[in-house]
Amino acid sequence: MKIVRHFSEMFTFKRKLLAVIVILSIAPIPLFGLFSYYTVSRSVEEEVDLNHQMILAQIEKHVDTFLQSLGKSSLEIASNPSVESSVRHGISIERYLTESTEMMDALQKYRSLSDIAFDISVVYNQFHKVYSNRYGYIDLNQFPYREIVQNSPLKYNGFVVVSPNTYANQNEILIVRPIPATSLPGVGMLFIHVNPDNLTAFLKELNIGQKILFIFDEQGKVVAESNASAADSGLAASVRLYEYWARQLDGPNQIRFNDKQYDLSALRSAFTNWTYVTMTPTAELNRKLNNIQQATFGMVALLSGIWLVLAIAGSNRLYVPIQRLLSLFSSPQSERSDAIQTLDRNMRQMMAANKQLQVRLGEQLPYWREGVFLRLLRGDMSDQEFRLQMEHYGLPLEGLWYCVCIVEVDRFDEFQRMYQKKDRSLIVYALSKLIEEISTDRYSSITVVPRSGQFALMLGIEQWNDDTEPSVRTICDEIRHKVSQFFPFTVSVSMSGAKKDYGGLIDCYQEALSLMGYRMLLGMNVTIARQDIAISVRSSGRPLIESQKMIMHSIAQGDFPQAEQRLEELMRLIPKSVPNTETALALFAYLIGELDGFIHELGYELEDFFETDLYQSLYAFNSLKDVEQWLKGTVFRSIREKLETLQIGKQKRLLHQVLAYIHDRYDQDLSLQGVADHFGASTGQIGRAFKEELDTNFSQYIIQYRINKAKEWLIHTDMPIKEMTERLRYTTVHNFTRIFTKTVGSPPGTYRKNNRDEKL
């Protein structure tokens, strides 16, 4: 071991790298060449036999098809009524002129329509006569194949193939069948004469190269041959070839004839009992093997030389980055020093320094104000976790009692049409600042945006008494007044009761949401507290609100029959709950606004689905029955047909909704569970939609969308990177810079400079 260690220390890492690359790159090449040549030489013989078998199978298929076609023609002729009648009654010009003429026409028709040229002979057993298009109408004794007639080889409902030279002076293929086709013995016999040259011509048309092909019948006679020269033709009659058609031998076999070696294979047909033999000259195969051998070893030598040059160049090239890294961290090393050990020591020092830096940065992390409160309102954070966040980040919400006020745009459909998406974000930001300015002077407060068009104002109050609730209501009224004064739209505000501890904010938020649902019954631009809602309105309004939610849920799921059924339930509730027609129409206007929001989340506008203004159409009706029929027959049907035309499935529709939700709330804390709860879906459904439709996941999409926003701000605004970090919900500037650099390829400052320089 000491000798090995001493020997290893004599070589630098650069030399070791070169030695390893040379060994690993060149050594496998000769071994691979030898293995390749051995494998190829062993497989050539198997490939030859496989090629033979494929050719034989192809020939068997075509020859069998050739004979079956003739057999089919014989069956059609033997089953022809005019032929059968003629055989029974004989040919008589005086008595059966019509039948005889029809028989002759039928035979001529079969001959002319067949793809294979053949002659036909019909034997009249009862009259010892034969009619043939070749011989005419003759006595049976004059028929060349009377021996076959006398020693009938026929089978019931079948035909017999008689190969050439089976009988004396027979140089053609015969197809023999009884007449009628289903009788044995028949009153007559049918002979189809086929010239074997048809079969030989077919074999010569096959592209089989230098291979020789023979077809033998069951007696060993040659039926046809291809590519056989005069010298090779004697091969078929040799005694040694008999064993290949008499019995099949497994695998490739060889035979020598006229000082030539052949590799041959045989195949016996189950249909005709004929044997097909194909042969290839062995010299041709050896020539191919020699070519393969020369090509293989030539390629081995060439590749070895190339890899040797590449190994030397590659080792030098691989060592360059190590030298560069080493030069950054330390002084130049001697040629004998081990660069890897030096680099490892320097990297460990860097990791220790980086860990200390992360600890220092962690102590200075800014707080996630809005994100933390959103998680609290949605129930994603316990009271204890929130207190820890408060202590660590110093979140600005103090007090013993807490309440939540929800500020919501009244006609959100008009608000969406009034402002484009970019402008809408600015308006939302301005509204948030306005709400905080009004409330901050009186109570500890913070404003978050749970969803587009809705703001949640959380108030921390030291003591809750009889004067506190009117004071909170004054804040709500002032918010409504300021919004209507400075913006071209109105808002309604719902205020919850007071709860203790931070965990009570969840209940306050849910209570304020529930109160906001009564806006459709109380009108627009109102402040809603629990005491503002009469008991009758509470009891009657909740079913209306729930019914509307269920209608929208059914439409979002694509279940329009269920949506119509729930609309009917809503129609039954309205006369019992709504005091006048104006309020009822406002209820349906709110439903249209929800439909508008749903269509907008899919990426379309209300005008894409309807040609007329739905609000104008709604207020033109005078009865609830007309409104119901209009919603069912026009509104719901148009949405269903448009969705089907646009081919938006449930999964794609859900994905569009989620994407619209993310685009409106990219500057808020977004979680997969929170989004799933918002849309009443499971995390698996949303995750599967992102994977199948966008080939990404929920988290990666949000990261990419926020990075795209950051790129837009970097190019078009002077927004500080710290503000971008806070708006995009990153914990620290360092964390944002790291993710931006990993995604884009350069830090934010460099990206801003480069892109602005390009514009200049």
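Check the entry above for the structure.
Rules of the game
Residues numbered from 1 in each chain as written. Predicted model: local features only at pLDDT ≥ 70, side-chain atom pairs only at ≥ 80, totals over all residues. Heavy atoms only, no water. Phe/Tyr/Trp six-rings, centres within 6.5 Å; stacked < 30°, edge-to-face > 60°. Helix = DSSP H or I, 4+ residues; strand = E, 2+ residues; numbered from the N terminus. Buried < 20%, exposed > 50% of the residue type's maximum accessible area, 1.4 Å probe, protein only. Lys NZ or Arg CZ within 6 Å of the ring centre and 35° of its normal. Pairing = 2+ DSSP bridges. Axes fitted to C-alpha atoms, helices over the stretch in contact; angles between N-to-C directions. Parallel < 35°, antiparallel > 145°, perpendicular 65-115°, else oblique. Contact = heavy atoms within 4.5 Å. Nonpolar A, V, L, I, M, F, W, Y, C, P; charged D, E, K, R; others polar. Arc of directions from axis to C-beta.

Caption draft 1: Geometry of the packing of aromatic side chains. This model, assessed by the stated rule, comprises 15 aromatic pairs. Ring centres of Phe 143 and Phe 191 lie 5.2 Å apart, and the angle between their planes is 75°; on these two criteria the pair is classed as edge-to-face. Taken together, the positions of Phe 143 in the loop between β3 (136-139) and α6 (146-150) and Phe 191 in strand β6 (residues 188-194) put the pair 48 residues apart, joining distant regions of the chain. Each member of the pair, Phe 143 as well as Phe 191, carries the same accessibility label: buried. One residue, Arg 640, lies across the ring of Phe 560, its end atom 5.7 Å from the ring centre.

Caption draft 2: Representation of the pairing of strand β13 (residues 444-451) within the structure. Among the eight residues that make up β13, six are buried, leaving the element largely enclosed by the rest of the structure. Sheet topology places β13 next to strand β14 (residues 454-461); six bridges connect them, and they run antiparallel. Across the sheet, Ser 445 pairs through a bridge with Leu 459, a residue of β14. Connecting β13 to the next strand, β14, in antiparallel fashion are two residues, including Gly 453 with a positive phi near 85°.

Caption draft 3: Quick look at the packing of helix α28 (residues 698-716) against helix α30 (residues 733-744). At their nearest, the axes of α28 and α30 sit 11 Å apart, and the two run at 95° to each other. When the axes of α28 and α30 are compared, the pair comes out roughly perpendicular. The residues of α30 that touch α28, namely those facing Ile 703, Gln 704, Ile 707, Ala 710, Lys 711 and Leu 714, are Phe 736, Ile 739, Phe 740, Thr 743 and Val 744. Class assignment for the residues of the contact of α28 with α30 results in eight nonpolar, two polar and one charged.

Caption draft 4: Main features of the sheet that holds strand β4 (residues 160-162). Taken in spatial order, the six strands line up as β3-β2-β1-β6-β5-β4 in an open sheet, and their pairing is antiparallel. The sheet is open, and its two borders are formed by β3 and β4, each paired with just one other strand. Within the sheet, the average angular offset between the axes of one strand and its neighbour, ignoring direction, is 20°. Sheet analysis places strand β5 (residues 173-179) next to β6, joined by seven bridges and oriented antiparallel. Paired with Ile 175 across the bridge in β6 is Ile 192.

Caption draft 5: Inspection of helix α7 (residues 197-205) at higher detail. If you check which residues of α7 are buried, you get Leu 199, Thr 200 and Leu 203. On an axial view of α7, the arc spanned by its buried residues comes to 100°, and they lie on one face. Turned more than 90 degrees from where α7 packs its buried face, Lys 204 and Glu 205 sit exposed.

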